[in-house]
Amino acid sequence: MTERPSVLSTPSRPLSASSLKDRLSKLSVTPLRPVANALQARLDFAPANIPRVRRLQTVAVALWTTMIPICFFLMLFLFSYPPLWPFMISYIVWINVDPSPERGGRISPWVRSFRFWRFFAEYYPASYECDLPADRPYVFGYHPHGSTGALCNFATDSTGFSRAFPGVRPHLLTLNSNFAIPFYREILLLLGVCSVSKRSCERILRKGNGSSIVIVVGGAAESLSAHPGTADLTLRKRLGFIKLAIREGADLVPVFSFGENDIYEQMPNEKGTTLFTIQKKFQNAFGFTLPLFHGRGLLNYNWGLLPYRRQIVAVIGRPVPVNKTDNPSLEQIREVQEAYIAELMRIWNTYKDEFARSRRGELNIID
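Residues numbered from 1 in each chain as written. Predicted model: local features only at pLDDT ≥ 70, side-chain atom pairs only at ≥ 80, totals over all residues. Heavy atoms only, no water.

K.L.:
Go over the overall build of the protein, please, and point to the residues and values.
P.N.:
Assigned secondary structure in the protein consists of 15 helices and 12 strands. Counting all 367 residues of the protein, 50% fall into the buried class. Of the contacts formed within the protein by residues at least 6 apart in sequence, a portion of 78% connects residues at least 24 apart. For the protein, the accessible area works out to roughly 17500 Å², and carbon and sulfur atoms hold 60% of it. (Helix = DSSP H or I, 4+ residues; strand = E, 2+ residues; numbered from the N terminus. Buried < 20%, exposed > 50% of the residue type's maximum accessible area, 1.4 Å probe, protein only. Contact = heavy atoms within 4.5 Å. Areas by Shrake-Rupley, 256 points an atom, 1.4 Å probe, with all protein chains shown as cover.)

K.L.:
Please set out unusual backbone geometry residue by residue, giving values where relevant.
P.N.:
Only a minority of non-glycine residues have a phi that is not negative, and only a minority of peptide bonds are not trans. A cis geometry characterises the amide bond from His143 onward to Pro144, with omega recorded as -10 degrees. Examined against the element boundaries, Pro144 turns out to sit in the loop between β3 (138-143) and α8 (148-155). One non-glycine residue, Phe183, adopts positive backbone phi at about 70 degrees.

K.L.:
How would you explain the layout of surface pockets if you had to name every residue and give the values?
P.N.:
Here the second largest pocket is characterised by a volume of approximately 470 Å³. For the second largest pocket, the lining is made up of 20 residues, of which Leu224, Ser225, His227, Asn269 and Glu270 are closest to its centre. Residue assignment for the lining of the second largest pocket shows that the elements contributing at least two residues are β9 (265-266) and α14 (274-286). Class assignment of the residues belonging to the lining of the second largest pocket gives a composition of eight nonpolar, five polar and seven charged. (1 Å grid on protein atoms, 1.4 Å probe; cavity = no way out; pocket = protein on both sides within 12 Å on 5 of 7 lines; lining within 4 Å. Points joined across faces, edges and corners; volume = space filled by probe spheres on them. Nonpolar A, V, L, I, M, F, W, Y, C, P; charged D, E, K, R; others polar.)

K.L.:
Break down the pairing of strand β6 (residues 211-216) for me, citing the residues and quoting the values.
P.N.:
The buried count for β6 comes to five of six residues, which makes it a mostly enclosed element. As paired elements, β3 and β6 share five bridges and run parallel to each other. Bridging across to β6, Tyr138 finds its partner in Ser212. Relative to β6, strand β4 (residues 169-174) runs parallel, the two sharing four bridges. Bridge assignment links His171 to a residue of β6, and that residue is Ile213. (Pairing = 2+ DSSP bridges.)

K.L.:
Go over the nonpolar core, please, and point to the residues and values.
P.N.:
With 39 residues, the main nonpolar core has Trp64, Phe120, Phe140, Phe154, Leu191 and Ile316 as its most contacted residues. Elements represented by at least two residues in this core include exactly α3 (52-65), α4 (67-79), α7 (115-122), β3, α8, α10 (184-190), β8 (251-258) and β11 (312-316). The biggest single contributor to this core is α8, with five residues. Once residues lying within four places of it in the same chain are set aside, the contact partners of Leu191 are Trp64, Ile107, Val111, Arg112, Trp117, Leu151, Ala155 and Thr156. (Core = buried A, V, L, I, M, F, W, Y, C linked by side-chain atoms within 4.5 Å.)

K.L.:
How would you summarise empty space enclosed by the protein if you had to cite specific residues and measurements?
P.N.:
Inspection of the entire model under this criterion finds one cavity of 30 Å³ or more. For the lining of the largest cavity, the secondary-structure elements that each account for two or more residues are β8 and α15 (330-355). By residue number, the principal contributor to the lining of the largest cavity is β8, which donates three residues. Taken together, the residues that form the lining of the largest cavity break down as nine nonpolar, seven polar and four charged.

Put into structure tokens, the structure is as follows:
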């Protein structure tokens, strides 16, 4: 492992580390607009002469953003046709017995390389840097909470992950409930997305060197703190993924995604407010929560449910080595956690002036 990681940007053509670093440094950051200003502003419609490629990028993001309701409506439409009932009932039964989400999915390099995902990634754009040999398994910890950068870099090949790190096979992990959604689950499985259950994690990591998992560590609690210009992480009490890495002998790799919190505006929900209380009760009851957010629309720039076109740069840090231990003590886990947090802070301090120029504060571990 070299002292300074290399950098890879969105284009598929491999470049030298120095030239890639220079290209990343020239990426611009879209200024953030406060929620209050956005709510009071009139609709800012997109001009008619937008380049075709930008429209395709917007359509790709719109399709993925609405993929869950699309799949639900497709299921209802197919059920409205009686001759298809035997097939649909069989499929629903299959969903409940299919073990694929906990056995590595049905990953398809062909699906992961669709041009659709390139348009999706170029909407922001997304880029990353790291240096990872494929001679060991990895546990990637993704920060802050969000799926956009994680999807682009780890569940598709839109930013060239497989070309940069041949032999490293990442599996983005998500809640089991996502695999109960007809058709949507099949897309996730083809992308290599799997369940975040303990059994699923262990099976993937035991497949050999290069087999890796990507965990969005902060979860639902962190999503409530995801406001533009902030970096408030829920991490201190998250010890399960570190214990898992030690038990399986997998190096821990912190990932910080600059701009992940900036693609949506979230309604004010500070602790103690009625909105925050309701969101926490919902989280305790259902295991996830619903942040009240807004972005842009398909034909306007300041109101809707599509994410804003803002830069996302996912920086993959240096691996934190671990010594495989079947039953690690709390002291061992805490020691590895401190090294993990130190590397995460190094990433922030190294790149914050480059990729977080509009920040409203420093990286803060709130829980």
